[in-house]
Amino acid sequence: MPERKNGDHSSARIGVYVCHCGTNIAATVDVNVLSEYAATLPGVVVARNYKYVCSTPGQELIKRDIHDHSLNRVVVAACSPCLHEKTFRNVTAEGGLNPYFFQMVNVREQDSWVHTDKKAATAKGKDLLRAAVRRVALHKPLERKRVSINPNVLIVGGGIAGIHAALTLANAGKHVYLVEHDATIGGHMAMFDKTFPTLDCAACILTPKMTTVKSHPNITLWTYSEVAQVDGYVGNYRVTVKRKPRYVIEGACVGCMECIDACVYKQAKVPDEFNMCLGKRKPIYIPFPQAVPQVVVIDPESCIEFKSGKCKKTCVEACGDRNAIDFKQQESVETIEVGTIILATGFHTFDAKRIPYYGYGTYPNVYTALEVERLVNAAGPTGGEVVLRDGHKPATVAIVHCVGSRDENTNRHCSRVCCMYSLKLAHLIKEKTEAEVFNFYIDMRTPGKGFEEFYNRVAEEGTHFVRGRVADIFPNPGDDGRLLVCAEDTLMSAVVKIPVDMVVLATGLEPQPDAQEVRRRFHISCSTEGFFLERHPKLAPVSTFTDGVFLAGCCQGPKDIPDTVAQAGAAAAEALALIDIGYVEQEPYTAHVLEEVCSGCKTCVPLCPYQAISFVENKNKAEINEVLCKGCGTCVASCPSGSIEQNLFDDEEIFAEIEGLLAYA
Amino acid sequence: MPDNKQNSLQVASPEKEAATFEPRIVAFFCTWCTYLAADLAGTSRFKYAPNVRVVRVMCSGRVDPQFVLDAFAHGADGVLIGGCHPGDCHYQEGNYKALRRYRLLSRMLQSLGIEEQRFRLEWISASEADHLRSAVNDMVENVRALGPLHLQPSEEMFPEEVAV
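Just so you know, these numbers come straight off a predicted model, no measurement behind them.

Here we come to the packing of aromatic side chains. All names here are of chain A. Counted according to the given criterion, the structure contains 13 aromatic pairs over all chains. Where Tyr455 meets Phe465, the ring centres are 5.2 Å apart and the plane angle is 80 degrees; that geometry is what we call edge-to-face. Here Tyr455, found in helix H13 (residues 451-460), pairs with Phe465, found in strand E23 (residues 464-467); they are 10 residues apart in sequence, far enough to count as distant. Residue classification places Tyr455 among the buried residues on the basis of a relative accessible area of 17%. Assessed through its relative accessible area of 21%, Phe465 is described here as partly exposed.

With that settled, the discussion passes to the pairing of strand E4 (residues 102-106) of chain A. Residue and element names in this part refer to chain A. Taking burial as the measure, the five residues of E4 include five buried ones, the bulk of the element. Residues Phe102, Met104 and Asn106 of E4 are buried on one face, and the alternating residues Gln103 and Val105, pointing to the opposite face, are buried as well. Across five bridges, the pairing between strand E3 (residues 73-78) and E4 is parallel. Across the sheet, Val75 pairs through a bridge with Gln103, a residue of E4. After leaving E3, the chain enters helix H3 (residues 81-94) and then returns to the sheet as E4, a path that is right-handed.

This next bit is on the side chain of Arg135 of chain A. Within the secondary structure, Arg135 of chain A sits in helix H5 (residues 118-136). Of note is the side chain of Arg135 of chain A, whose polar atom sits 2.8 Å from the backbone oxygen of Leu648 of chain A.

A few words now on the state of the cysteines. Here, the word disulfide means a covalent bond between the sulfur atoms of two cysteines. Applying the stated criterion to the full structure yields two disulfides over all chains. Paired by a disulfide, Cys201 of chain A and Cys204 of chain A hold their sulfur atoms 2.3 Å apart. Where Cys201 of chain A bonds to Cys204 of chain A through sulfur, the torsion about that S-S bond is close to 85 degrees, and the disulfide is right-handed. Look at Cys204 of chain A and you get exposed, because its relative accessible area is 52%. Across the disulfide, Cys33 of chain B is cross-linked to Cys84 of chain B (sulfur-sulfur distance 2.5 Å). On the sign convention where negative means left-handed, the S-S torsion of about 105 degrees between Cys33 of chain B and Cys84 of chain B marks this disulfide as right-handed. Pair noted here: Cys33 of chain B is in the loop between strand E1 (25-30) and helix H1 (34-43) and Cys84 of chain B is in the loop between strand E3 (78-83) and helix H3 (94-111), with a separation of 51 residues, a long-range link.

All names here are of chain B. Sheet architecture is open: four strands sit in the order E2-E1-E3-E4, paired in parallel fashion. Only two strands of the sheet have a single neighbouring strand rather than two, namely strand E2 (52-57) and strand E4 (119-123). Averaged over all pairs of adjacent strands, the angle between their axes in this sheet comes to 20 degrees, without regard to strand direction. Here E3 runs beside E4; their pairing, made up of five bridges, is parallel. Opposite Gly83, over in E4, you have Trp123 as the bridge partner. Against the sheet, helix H2 (residues 65-73) touches E1, E3 and E4, its axis set at about 150 degrees to E3.

The subject of this paragraph is the side chain of Thr368 of chain A. Residues and elements named next belong to chain A. Tracing the backbone shows Thr368 in strand E20 (residues 366-368). On the basis of relative accessible area, Thr368 is assigned to the buried category, the value being 7%. If we skip the residues at most four places from it in the chain, Thr368 touches Ala352, Tyr360, Val504, Leu505 and Thr507.

Attention shifts here to the confidence of the model for chain A. Looking at chain A, the pLDDT average stands at 95 and 98% of residues meet or exceed 70. Confidence drops under a pLDDT of 50 for residues 1-7 of chain A, and excluding neighbours within four residues, the segment shows 12 contacts in the predicted structure.

Here we take up unusual backbone geometry. Residues and elements named next belong to chain A. Each neighbour pair has its own omega, and for Phe196 with Pro197 the value is -10 degrees, a cis peptide bond. Inspection of the secondary structure assignment puts Pro197 in the loop between strand E8 (194-195) and strand E9 (200-201). At the junction of Val292 and Pro293, the peptide bond is cis and its omega measures out at 5 degrees in the coordinates. Within the fold, Pro293 resides in the loop between strand E15 (284-285) and strand E16 (297-298). Even without being glycine, Met257 reaches a positive phi, approximately 65 degrees. The residue Met257 is located in the loop between strand E12 (236-243) and helix H8 (258-262) in this model.

A few words now on the interface of chain B and chain A. Across the boundary between the two partners, chain B contributes 57 residues, which contact 59 residues of chain A. Both faces combined, the contact of chain B with chain A buries some 5,200 Å², and carbon together with sulfur accounts for 57% of it. Applying the counting criterion to the chain B and chain A interface returns five salt bridges. A salt bridge links Asp88 of chain B to Arg520 of chain A; its shortest N-O distance comes to 2.5 Å. Applying the counting criterion to the chain B and chain A interface returns 21 residue pairs in polar contact (both at pLDDT 80 or more). Contributions of two or more residues to the side of chain B that touches chain A are made by E1, H1, E2, H2 and H3 of chain B. A breakdown of the residues in the side of chain B that touches chain A according to their chemical character gives 27 nonpolar, 14 polar and 16 charged.

Here is what the cut-offs are and how they apply
- Residues numbered from 1 in each chain as written.
- Chains lettered and ligands numbered in written order.
- Predicted model: local features only at pLDDT ≥ 70, side-chain atom pairs only at ≥ 80, totals over all residues.
- Heavy atoms only, no water.
- Phe/Tyr/Trp six-rings, centres within 6.5 Å; stacked < 30°, edge-to-face > 60°.
- Helix = DSSP H or I, 4+ residues; strand = E, 2+ residues; numbered from the N terminus.
- Buried < 20%, exposed > 50% of the residue type's maximum accessible area, 1.4 Å probe, protein only.
- Pairing = 2+ DSSP bridges.
- Right-handed = clockwise from strand over helix to strand, strands pointing away.
- Polar contact = N/O pair within 3.5 Å; in protein donor to acceptor, adjacent residues only side chain to side chain.
- Disulfide = S-S within 2.5 Å.
- Axes fitted to C-alpha atoms, helices over the stretch in contact; angles between N-to-C directions.
- Contact = heavy atoms within 4.5 Å.
- pLDDT = per-residue confidence, 0-100.
- Buried area = accessible area lost by both parts, 1.4 Å probe.
- Salt bridge = Lys/Arg side-chain N within 4 Å of Asp/Glu carboxyl O.
- Nonpolar A, V, L, I, M, F, W, Y, C, P; charged D, E, K, R; others polar.

This is how it looks when you write it as structure tokens:
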């Protein structure tokens, strides 16, 4: 190992600024002690504490000091660098210094907010500050690199979020690739009958947008497709999309559906997924009448031709000259280049079977809300009649809230939409059947425009509300075919047992089952519940920690349609902002080889996950392509001769930090 | 300020022997998972032991074994490395490199008389603030139970070699 260079403090003129952050920091960390201590450290010329260093006067203070005291380094002890590192780098640059002549000390998120003992928190602050002062003296001037942005956008998921984002971007003249996993776009919204609280018909407001997507010249729509691989970085992603065979040639099918009529199955026999398996479809089918694209699909699981190879293929006959049916269609792969990505992969409804005492799957008249949504829909399996499995109209209906939400045993989060959709279903069921409807709720949560008014309206219509979580559902003793719903009415302090004909379980929203795989594919994180993690819960709600990847809709967390559309618009705007400026500035944390020290051992070469390191045979040295390097530093740590340096995370800088932390005050 | 710049091993100081021993732990957290978990612990106002000092690195794969040795040599009683869960690395596989180095280094440290519990690797994702809190508290307690780290001067460790 080469001799480590000792930090040169002689030429450093450091300004240290300790932020009170109101009382956020000052209440737990003694900011006066910190700034007084900082003033004693080698190289420190000015040390101050200030109420809000990030405010305009705080920033001006730093700039003035840089000028008045000829500072050449700046240290700010304040919040997390994730929050304000950029702010203060800009201040440093505006003061006339290289923006990387700056170091941030996290004394809020990782000090004052997590400790209660002021003495210990202040001591920790001093250690962190000393480390930063030692480190910053060694900082070298760095420059951010500009990378151009490919204007094309990939949107994953064709629900209302993906559709809205796609149309916004396409209308702005950008090319959009919309990739949908199912055979049609529309997502969950297409399954809904009415939308709360206005009772707009979901199809009426959604399907025009779906057809616009299909006909839009700027949108390439790939349904029945999945993103298989994502390479590259912001502005220049290379994406591989797998297109599953639908056994029907998309360009040739005109959506006449004659093949469906002609299928050898005269009666539909296969459970229809779009109708939550309450209805049937044929092996050749279109998911629902307004599906986009209007292209049929063949389900190889149930098609006789696939199972036995001995079908009469009446569908092919019916298709005639169009020749759209192709039993030999194979999965195809498309590779596209895009600059930004919007994930709008939606949600999965909670599997009610996970709560066995509610009897879903055991008692036929226990339904999930999404099933009832299909029952009340005029295009649904019953033509819009709310009837039990035996065809009778229910006279009493119980709606059980918070199934798989706000529950220690399943999901702790509130699914946000269930109270409102339960009220909507209560209204629709009452309207269609005049049944007595009982809502069993924990709390009614109706925060939204017109939501509380809708709640009052439903209550005035005569829907009953019982405040209590349902404890059990079982057949009514006496064998009258009804179910007994048991709960504690916490307002009456009494146990209630209500016999009902139908139970509707208001199932909560969960992350998609493949959310973990998907997030890994896109290099993003998940929050505890498994929804995709946004960059900042308040200030960057549609961004992720991977630049150029944005989130829209329920993949980020449960939300209703207006919020989903708003978020989709925001994600589209974020993508547009990147595309319109045309370039992105990348952090300069890349690694480089010191040629004179490199021994040519090749240890680093296979370690790089981005193939950024090559071995130059004629020189017998390793070489790092800084365009490919993403700055993880793995090669730096591995180099036995210490010949690889990483910008801003160089060995000497980190050693200075470690030793600064441990130097006793 | 005492001079700590020499790379000599720190010999136990009498202050450290006091009954009020507070372990000094240096942590290396990756920017994308564990550092964010530590920030989340802050915004969630989770309270944990104030004994850990964090050095932020871009990836746990950046943690050079020499950083760990340097920390021990300069008086750390424990070293904690935090990275993304396997398969979750922001840089694809830097955390696997960290794991390999950790395994080797851990054995080496033990042969130098540095107990296993003083050197720890944890996978903590950005949302696992609670895990961060328990990992830190647990480590602080373990190291507190072990007491201050006494690195033996080399002549005590290898008397024969040194005598020659």
